[in-house]
Each structure stands twice: as C-alpha cells, then as structure tokens.
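Here's the letter readout for the chains.
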Amino acid sequence: MYTGTLSFDLLLGDVHSLKQKRSVVRPIVAELQRTYAVSVAEVGEQDLHRRAEIGLAVVSGDAAHLAEILDRCERLVAARPEVELLSVRRRIHGEHDE
C-alpha cells in the first residue's frame, strides 16, 4: 500500500472577502474530489482572504498509479486561472517506510 499527499499553497486573484475566497476554493476542492476520488480539504490560511492552503491525500496499491494521480491533481490546480500556485509539497509513503 502506498499513500501520497499534496499540499498546495495558493495566492488567490481578485478576492476581497472570505466569502469570495470560498467561492474560489470550493470549486477546486470539489473538482479534485469528483475527478480523481481523492480526499481533499482547505487545511490552512483560513483567516486570510487572498491565500489558501489545500491538502490532498490518496491511497493506492501501486506506486506508479499513485504518482500519476498526484501529477494529474497538481496539473489541475496549476491550470486554474483564478489562482497562482506558489508551491506544492509532495510526500509519498510506501510499505517499507516506518
């Protein structure tokens, strides 16, 4: 079994309130869940209206399949025009990790 996580640090575009922030972040979270069946949530920077941190986790029996899903999720977020992807942190844990 392999588990992988991504943490996205995002700068939001023309957002001036937390309500506007939710209208940008929620569709990204929903699309990741719907398209790739991953666990995903806004996990940080909730009190800042122009920044967001989104965390994502996935489990797979195959390391190559896991890496492909993480790559696709990263490309999906990077392609969103309403956000600027500042950084991505990726972690993969395998059967032999302690």
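Structure first, text after, so check above.
On a predicted model such as this, the values are computed, not experimentally measured, just so you know. (Residues numbered from 1 in each chain as written. Predicted model: local features only at pLDDT ≥ 70, side-chain atom pairs only at ≥ 80, totals over all residues. Heavy atoms only, no water.)

J.: Quick rundown of helix H2 (residues 63-78)? Include the residues and the values.
T.: With 16 residues, H2 extends 23 Å between its outermost C-alpha atoms, agreeing within 8% with the 22 Å of an ideal straight helix rising 1.5 Å per residue. Packed against the buried residues of H2 are strand E1 (2-12), helix H1 (18-36), strand E3 (51-60) and strand E4 (83-93). (Helix = DSSP H or I, 4+ residues; strand = E, 2+ residues; numbered from the N terminus. Expected span 1.5 Å × (residues − 1). Contact = heavy atoms within 4.5 Å.)

J.: Which residues make up the layout of surface pockets, and what values do they have?
T.: Of the voids in this model, the largest pocket is the one considered here, and its volume is about 160 Å³. Taken together, the residues of the lining of the largest pocket sort by class into 2 nonpolar, 3 polar and 6 charged. (1 Å grid on protein atoms, 1.4 Å probe; cavity = no way out; pocket = protein on both sides within 12 Å on 5 of 7 lines; lining within 4 Å. Points joined across faces, edges and corners; volume = space filled by probe spheres on them. Nonpolar A, V, L, I, M, F, W, Y, C, P; charged D, E, K, R; others polar.)

J.: I'd like to hear about the sheet that holds E4, residue by residue, with values.
T.: Taken in spatial order, the 4 strands of this open sheet run E2-E3-E1-E4, and their pairing is antiparallel. Of all strands in the sheet, those with a lone pairing partner are strand E2 (39-44) and E4, marking the two edges. Pairs of neighbouring strands in the sheet enclose a mean axial angle of 20 degrees, with direction left out of account. The pairing of E2 with E3 spans 5 bridges and is classified as antiparallel. Counted as the bridge partner of Glu42 is Ile54 from E3. Set on the sheet, H1 makes contact with E1, E2, E3 and E4; between it and E3 the angle comes to about 10 degrees. In the packing of H2 onto the sheet, contacts are made with E1, E3 and E4, and the angle to E1 comes to roughly 10 degrees. (Pairing = 2+ DSSP bridges. Axes fitted to C-alpha atoms, helices over the stretch in contact; angles between N-to-C directions.)

J.: Could you give an account of unusual backbone geometry, with specific residues and numbers?
T.: For residues other than glycine, phi is negative in most cases, and the peptide bonds are mostly trans. For Ala37, which is not glycine, the phi torsion reads 50 degrees and is therefore positive. Following the sequence through the fold, Ala37 ends up in the loop between H1 and E2.

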